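The primary structure of each chain is shown beneath.
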Amino acid sequence: MCSSDLGSMTYALLKAYTLAGLKGDDARVRAAVQWIQSNWTLAENPGADPTLGDKAKYQGLYYYYMVLAQALDLAGVQEVAAPGKDGKPEMIAWRKALRAHLEGMQAKSGSWLNSQNSRWMEGREVLCTCYVLVALERCK
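Since we're looking at a predicted model, the values are computed, not measured. (Residues numbered from 1 in each chain as written. Predicted model: local features only at pLDDT ≥ 70, side-chain atom pairs only at ≥ 80, totals over all residues. Heavy atoms only, no water.)

Trainee: Quick question: what am I supposed to make of the packing of aromatic side chains here?
Mentor: What characterises a pair of aromatic rings is the spacing of the ring centres plus the angle enclosed by the ring planes. Per the stated rule, a full pass over the model turns up 4 aromatic pairs. Plain terms: the ring middles of Tyr62 and Tyr65 are 5.5 Å apart, the flat faces sit at 90 degrees to each other, and that makes the pair edge-to-face. Note that Tyr62 and Tyr65 are positioned in helix α3 (residues 61-74) at a spacing of 3 residues, about one turn of the helix. You can call Tyr62 buried: its relative accessible area is 2%. Judged by its relative accessible area of 0%, Tyr65 is buried. Where Tyr64 meets Tyr65, the ring centres are 5.8 Å apart and the plane angle is 50 degrees; that geometry is what we call tilted. In this structure Tyr64 comes out as buried when scored by relative accessible area, which is 0%. Connected via pairs of aromatic rings, a cluster forms that spans Tyr11, Tyr62, Tyr64 and Tyr65. (Phe/Tyr/Trp six-rings, centres within 6.5 Å; stacked < 30°, edge-to-face > 60°. Helix = DSSP H or I, 4+ residues; strand = E, 2+ residues; numbered from the N terminus. Buried < 20%, exposed > 50% of the residue type's maximum accessible area, 1.4 Å probe, protein only.)

The values reported here are purely geometric and, on their own, carry no functional implication.
Structure, rendered in structure tokens:
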């Protein structure tokens, strides 16, 4: 993985590896998980090129949430060892964290919308809401 990879693409890669039958001890799976742990966030789709501006961090954000949940669930990951504030890894129960984050983003209408970047049709409530519902299905 390189620093310019979007988080959503790393999760999609992990999902593909898992569906192809690669196990957790495979070097490619370990590399994807390492990138995920080093770049863990729910605030944005990590890895956007900084020269594209702040708005780029939010492109494909709801797709990111969906593929994050699918990949971690399929790979059997229960917790993510994310960098903590004191330099020690912080164990994140990703299902609980993602569920709480998405609940906090829900509109009063019951839908979700990427109001920070509408690229890839995420300016449409129906698409973002579908992505969230698929993600939440993996957060049980």
